[in-house]
Structures are given as structure tokens and as C-alpha cells.
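# Understanding the architecture of this molecule
Listed below, chain by chain, are the residues.
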Amino acid sequence: MSTVSSQDDEDTFKILIATDIHLGYLEKDPVRGSDTFVTFDEILDHAQKNEVDFVLLGGDLFHDNKPSRKTVHACLESLRKYCMGDRPVQFEILSDQAVNFHKSKFPWVNYQDGNLNISIPVFSIHGNHDDPTGADALCALDILSCAGLLNHFGYSTSVEKIDISPILLRKGRTQIALYGLGAIPDERLYRMFVNKQVTMLRPKEDEDSWFNLFVIHQNRSKHGATNYIPEQFLDDFINLVVWGHEHECKIAPCQNEQQRFYVSQPGSSVVTSLSPGEAVKKHIGLLHVKGKKMKMQKIALETVRTFQMEDIVLADHPDLFNPDNPKVTQAIQAFCMEKVELMLDNAERERLGNPRQPEKPLIRLRVDYAGGFEPFSVHRFSQKYIDRVANPKDIIHFFRRREQKEKNDNDLNFGKLVRRPASEGTTLRVEDLVKQYFQTAEKKVQLSLLTERGMGEAVQEFVDKEEKDAIEELVKFQLEKTQRFLKERRTEAEEEKIDEEVRKFRESRKKNTEEEDEEVREAMTRARALRSEDAVLVEASSDEELMDTGTRGTGDSDDALPATGRQGRGRARGRARGARGQNATARGSSRRGRGSTSQESATSSRTYKPVSVPAKNMSIMDAFRSLKPQASLNSSKSYSEDIIDDDSDIEEVSVVPSKVNQRLSTTPSVSKRGSQSQTSRGVDFESDEDEFDLFRSTPPSRRTK
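Residues numbered from 1 in each chain as written. Predicted model: local features only at pLDDT ≥ 70, side-chain atom pairs only at ≥ 80, totals over all residues. Heavy atoms only, no water.

Looking only at helices and strands, the protein has 18 helices and 22 strands in total. Within the span of the protein, comprising 705 residues, buried residues form 46% of the whole. (Helix = DSSP H or I, 4+ residues; strand = E, 2+ residues; numbered from the N terminus. Buried < 20%, exposed > 50% of the residue type's maximum accessible area, 1.4 Å probe, protein only.)

Shown next as C-alpha cells:
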């Protein structure tokens, strides 16, 4: 890195760039549990030592959507240790911060808060691991933002149109337009780009004088037809793209030949999968920006656990292994042990001597046993390396190459073998597994009303985000929509005709992916709202329980106390939790001790108003049979009501209208709820093995279409 004069420092931004830190990954592992915390501490230590202007994170700061208290505490501890201090911040923000931080209750950058003393601001977008969820769409980054330790930006609330408004920064004569877009499902964002529903706003004044920096967290490599974001989708006025989510470190900026911008992929700072991409040396970047020029300096992370990976193809060693030899398995095991020992020696030599770097390395030996070989016991093999390797259970991975048949020959051509893709870390998603299951299932278990896509996304929400009502609400929502469709079509109440209309309606929904996505989002919104209401009701019931306890202690008659006092400890506790603001009559008698006895019912003197119970969802056939509206009941007359307990104990209670204050709670129903031109740009680059130096003057080049 070339020296910069004091005059240059006044106009030069120094930005520390990192992505995919995954705090809390394997935090319960006795060996690897603290790896992410130690590395995050090192990253912020580099920021403090290099006196950067701010830290820029590209998503997935946390590994889990709901991080543990230990993880949140470790993150807060590091941010407070390194990012708070008396050193003044040298840049200013020119854009409307109420737009940049519109989601926060404190819509301004943290270092401008008079109650905080911030020396190194941290700007971050959210990733797919720590994305917003729940009824309020909150994520772990919002907790850090509310505490004033981090600035969360790049959050989009609309699912129909995305307008990315930049944070405009100025230091001396250098101006940066910082764009950010948090993680969005790749298929949806791909479709929005194709439909031109994503717009990146530009400053009105001197738009060509800004250095445009864009932070994104999406698939960069192609995993499917639409399961990635092509670089060509991004606007050509961007100067540098910081690409998160991809874990392989490619931090040296490389130029897109079509759009002419540069892309830097910092990669993850911790090994989260034993794949070739993770075996690349981990780095963070120190970005220098002056005017329209930049330089990227690579900084090697010294606290990352060393990772050695190697592949073995047994068929490539015919002189050593013969499948017909009865002792070939023992020979293979001995050969693998020699390889592991060599990998351990290499890992020891690669250790950088940092006292905080973990001693035990990660070892991965992938063995291709195609050609008639048999794998040996991995668990027995792993026992030899428990005290020397951080991942003893995952040292050996057996796999077989796929054999390709000749088109015009029934015999196998063993000379043409297709290797397994190198990206072993690629895993199937839950929605893909659901779709695959229903597509290959027997006809009797095929979906006839719901779609595989909608059900898959509902299961994904249930598994990843713990939305326990996601599947139920999706089924209810699609059932209600189908019923409305059949009623509008005035379909005859014959089972065959109804099945035919349902099948046509289902096929039309499968073709309209946007409408299907809207159905899933609406169902998820209803599930989150239902969860929030349940939480409110539980809290309210707890408050009423406390109030009832006080009331019984002061105003209840004494003749009911001995019956309760004679019960054991377990029964008394069960009654207190089960009461929830109701008296013995409302609960009814129970053989489990949860309700009150008949003596208590006799002493009760409360009366109740009738409470309407919402009807359950009708099936499609029931919806057609129920043609006559039921007559409404006159609530001014007294009537009798049957209360049925869980144990099938039936008690008839006479209900009389009364003006006594009631505490019955009813659950409310859930309601639904720019042009750009190509201009001459002076982004210049020079590179060597370790850094990009673009402070040297080079003539600007004009791009032609």
C-alpha cells in the first residue's frame, strides 16, 4: 500500500469490509463454539488499529434468525469495546436519514446521537440467516440498532416495487453514495429485476461526481434457472459491488466486462461447511476511496481455524487397491490414515502463530470409492483423531462418481465418468424436498387443492422461522379462496364437478406465480398476527390471574377455602395456572383437578352473558349444502348452555343476563392486512498479488455500447 499524505487523508475514505461473520455458529460445540466470537473481535480490532472511517458488513452477522443470549452478549461486548470512544468521525451524511433508516425508531446515524459516544460507525444490511421475521418484521440487527451500536440499512418493506435510496457520505472532496439491499428470496428478486421493479435512485446534483458503492446479499453463482442474481441485472453506473452470501473469499475486485463495474466478494470469516470454497484463505478488506479512485487492501484473518481438504479417487491407484482382494478395505483405511497425517502436518505449518488461533484444525478427506470398493467404518476411524482434530466425526466423506451411459449402447462405458461437483456445501432446501416428495408420491397422497410451491414455503417458514401456525393458516387461506371461487362460478353441488373445478383452479394458480407468492405472504402475515395475539392474550390472562388471586384473598367467602387448602401442592399450582380470570362455574367440573369441585360450583353466585364461539372452517361440500342462513338468537332472553369439559363431563348451567362485570375474553378475528445513462467514469485500478492500488493517475476510459 502506497503512503498517503495528510492532505490525501482529509479526502480519503477508509472502510473496513467484511461479510458473513455468522456469530453463534456451533456455539454449543465444546471445541468450535467460540470461533466466531474470536474472529469478530479480531475484525473490529483491525478497524480500530487502522482508524477506519466506518465498518461495512454485507449481511449474516448472526448465524441464527433468533440468536441466543450468549451470542447477542458477545456481539454487544465487542461492539462496545471497539466502536465507542472519543475519536471524532470525519465524514458527514448529506441524505435524508429518515429515508435511509426509516425502519428505526431513531432515524439517524448513531454517531450523531447526543447520548452516544461513537468513534467507529458500523453499517450493515441483513442476510438470509438474520433476516426480519414475525408480525413486526424485526431481526437481531434491529436490537443492535436500537441500542445505538449499529446502523441497519437496506431494508425493503414492499414486495411489489423496490426503490433503493443511497446514504450520501462526504469527506473532504470525496463523496460516496452507499446503496444497500438486504437478503430477499432469489426467485422473487430475480422476477422483480426482470419486471423492472427494482430502481436505484441517484443524487439530483452532480450525479457523476459520486463514488457509487452497492452492498448486496444474494446468490452470485447459478444454483437454478432463477435462484441467483446475474451481475448484468445491476445498474451500470455502480463503481463497486460488495457481494455477500457467497462464502468463498474472492476479495480482490474483478471487473464485469459488460457492465464495467467491479465486484468484490469478501467471503465468510468462519468455516460453516466442509467444502472447497471454505478452504480458501479467509480475508477482510480495507477499502480506500478518493474521488472516483479506489484501492482494496487484503487483510488476512489470523484467528480463523485452519482447514485442510483433499480428494482421493481409489480407482486411480490400481497398483495399490484391488477390489477382489479380501483385505482391500484395510489397505484403504491405512492409506487414508497416511493422508490425514500429512494434512495434519500441513495444517500445523500453516498456523500463523497467533495465540488466539485455535490449535485443532479442520480436516476433510473425500474418498471416491467407485469401481467396486466398499467403505470402512467412519466412526471407528474417527476415534483415532478425537484429541487432534476439531471435526473428528466428519473427517472422512465417502462418495461415488456418477456413471454416464452411452446413448446407443446398453453397456456401461466405464471410461467416461462424471465427477461430483466441487461445491459439496450445496444442500437441498426444505421447500425443494416438499415439492420433490409430492411430485413422486402415489396418486392417493397427491395434493388436489394446495400447490407444492405454497406448501413448501409454509413448511420452510415452520422449520426455519418457527412459525407454528404457518401451515395451518396457509391451508385455511387457500381453502377459503377456493370456496369463494366455486361460489362465484355457481358450481353445482356434485362431487365430480366440484373436483374438476378445483383442479382447474389449482392449475391456474400454479401458472400465476405472483398470485401464489401473494397467497403465501398473506398466510404468513395471518400466522404472525395470530402469534402476536396469542402472546397478548397470555399476558392479559396472567394479569387477570394475579388480580383474581388478590380478589379471592380479600373478598371470597371462607367456606370455599378449606376445599382448596386440603389439596396437595400439585393441585393447588394447577388451579392457580388454570384459572386465568374465570371462576369455578365457567371452568366446569373436571376429574383432573383443573376445575373446581361441585361444592365450589354451588357457592358461586356469578352470572354470565352468552359468548359467541366462531364457527370452524367448513369443507367445500359443507359450504354448498349450507344454503339457508341460520336465524339469529335473541340475546335479551335467558337460555341454557352446555359446557363440555375435556373429560366429557357435561354440566348444564343456567345463564341469566346480568350487569355484573365480566372478565370473559374473546379472541378477535384476524383481519387481512431512474432513468440512467452511460457516462464517462474515472474508476481506475492497478493490482498486484496483495492489493489494488488505484491512486496512481490513469487516463479515464469512456465506455461505448
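With that settled, consider helix α3 (residues 69–83). Here α3 is 15 residues long and its end C-alpha atoms lie 21 Å apart, about the 21 Å a rise of 1.5 Å per residue gives. Looking at the buried positions of α3, the neighbouring elements they touch are α2 (35–49), β4 (122–124) and α5 (140–146). (Expected span 1.5 Å × (residues − 1). Contact = heavy atoms within 4.5 Å.)

Another aspect to go through is the pattern of salt bridges. Applying the stated criterion across every chain yields a total of 17 salt bridges. With a shortest N-O distance of 2.8 Å, K103 and D142 are connected by a salt bridge. One end of the pair, K103, is in the loop between α4 (97–100) and β4; the other, D142, is in helix α5, and 39 residues separate them in sequence. The exposure class assigned to D142 is buried, which follows from its relative accessible area of 16%. The partner of R260 in a salt bridge is E257, with the nearest N and O atoms 3.2 Å apart. R260 gets classed as partly exposed once you look at its relative accessible area, which sits at 23%. Using a relative accessible area of 58% as the deciding quantity, one classes E257 as exposed. A network of salt bridges, in which partner residues are shared, links R202, E207 and D208. (Salt bridge = Lys/Arg side-chain N within 4 Å of Asp/Glu carboxyl O.)

In this fold, H247 is placed in the loop between β11 (240–244) and β12 (250–255). In contact with H247, not counting residues within four places along its chain, are D20, H22, G267, S268, T272, G277, E278 and K282.

The description of an aromatic ring pair uses the distance of the two centres, along with the angle that the planes make with each other. Inspection of every chain in the model, using the stated rule, returns 16 aromatic pairs. With centroids separated by 5.3 Å and ring planes inclined at 80°, the aromatic side chains of F54 and F123 adopt a geometry described as edge-to-face. Here the residue F54 occupies a position in strand β2 (residues 54–57), and F123 occupies one in strand β4, the gap between them amounting to 69 residues. The same class applies to F54 as to F123, namely buried. For the pair F123 and F153, a centre-to-centre distance of 6.3 Å together with 80° between the ring planes defines the contact as edge-to-face. (Phe/Tyr/Trp six-rings, centres within 6.5 Å; stacked < 30°, edge-to-face > 60°.)

Turning our attention to a negative patch on the surface. On the surface, a cluster of negative charge is made up of E494, E495, E496 and D499. Mapped onto the elements of the fold, E494 is located in the loop between α11 (470–489) and α12 (495–511). (Patch = residues over 30% accessible without salt bridge, like charges linked within 9 Å, V, L, I, M, F, W, Y side chains within 5 Å. Areas by Shrake-Rupley, 256 points an atom, 1.4 Å probe, with all protein chains shown as cover. Lys, Arg positive; Asp, Glu negative; His and termini not counted. Charge placed at Lys NZ, Arg CZ, Asp CG, Glu CD.)

This prediction gives the protein a mean pLDDT of 77; 67% of its residues lie at or above 70. For the stretch residues 626–689, pLDDT sits under 50, and the model shows 121 contacts to residues farther than four places along the chain or on other chains. Contacts for the low-pLDDT stretch residues 697–705, under 50 throughout, to residues beyond four places or in other chains number 17 contacts. (pLDDT = per-residue confidence, 0-100.)

A separate point is the nonpolar core. Grouped together as the largest cluster of nonpolar side chains are 32 residues, with contacts concentrated most on L16, L61 and L79. Of all the secondary structure elements, the ones that give two or more residues to this core are β1 (13–18), α2, β2, α3, α5 and β14 (283–290). When sequence neighbours within four positions are dropped, the list of residues in contact with L79 reads F40, L44, M84, V122, L144 and L149. Listed in part, the 28 residues of the second largest apolar core include L169, L178, F211 and V289. (Core = buried A, V, L, I, M, F, W, Y, C linked by side-chain atoms within 4.5 Å.)

All right, on to the sheet that holds strand β18 (residues 396–399) then. The strand order across the open sheet formed by three strands is β16-β17-β18, and the pairing between neighbours is parallel. Strand pairing shows two members of the sheet lacking a second neighbour, β16 (307–313) and β18, which therefore form its edges. In this sheet, adjacent strand axes meet at a mean angle of 15° when their direction is disregarded. (Pairing = 2+ DSSP bridges. Axes fitted to C-alpha atoms, helices over the stretch in contact; angles between N-to-C directions.)

Another aspect to go through is the packing of α2 against α3. Two measures define how a pair of helices packs: the angle their axes make with one another and the distance between the axes. One way to put it is that α2 packs onto α3 with a least axis distance of 9 Å and a crossing angle of 15°. In this view, α2 runs roughly parallel relative to α3, as classed from their interaxial angle. Note that α2 runs across α3; the crossing there is right-handed. Side by side, α2 and α3 meet where F37, F40, D41, L44, D45 and Q48 of the first sit next to K70, T71, A74, C75, S78, L79, K81, Y82 and C83 of the second. (Parallel < 35°, antiparallel > 145°, perpendicular 65-115°, else oblique. Left-handed = near helix turned anticlockwise from the far one by under 90°.)

The next point concerns the pairing of β2. Here β2 shows a buried face lined by F54 and L56 and a second buried face lined by V55 and L57. Summarising the sheet, β1 and β2 pair through four bridges and their orientation is parallel. Directly across from I15, in β2, lies its bridge partner F54. Where the polypeptide runs from β1 across α2 and back to β2, its parallel neighbour, the crossover connection is right-handed. Direction of pairing for β2 relative to β4: parallel, over a ladder of three bridges. Bridge pairing in β4 places L56 opposite F123. (Right-handed = clockwise from strand over helix to strand, strands pointing away.)

Positive phi is not limited to glycine here, since L26 has a value of about 55°. Relative to the helices and strands, L26 resides in the loop between β1 and α2. Residues other than glycine seldom take positive phi values, yet K196 does so here, at roughly 55°. As for its placement among the helices and strands, K196 is situated in the loop between α6 (186–194) and β9 (198–200).

Taking strand neighbours across the sheet as the criterion, the six strands line up as β5-β4-β2-β1-β14-β15 in an open arrangement whose pairing is mixed. Strand pairing shows two members of the sheet lacking a second neighbour, β5 (151–152) and β15 (293–300), which therefore form its edges.

Between the first and last C-alpha of α2 there are 21 Å, a value that for 15 residues agrees with the 21 Å anticipated at 1.5 Å per step. Counting buried residues along α2, 13 of its 15 residues qualify, which places the element largely inside the surrounding structure. Looking one or two places after α2, you find E51, whose phi comes out positive at around 50°.

The next point concerns the pairing of strand β13 (residues 262–265). Working note: regular strand, side chains alternate between the two faces of the sheet. Residues of β13 alternate between two faces, with Y262 and S264 on one and V263 and Q265 on the opposite face, all of them buried. One ladder, built from three bridges, connects β11 with β13; its direction is parallel. Bridge assignment links L240 to a residue of β13, and that residue is Y262. Summarising the sheet, β12 and β13 pair through three bridges and their orientation is antiparallel. Across the sheet, C254 pairs through a bridge with V263, a residue of β13.

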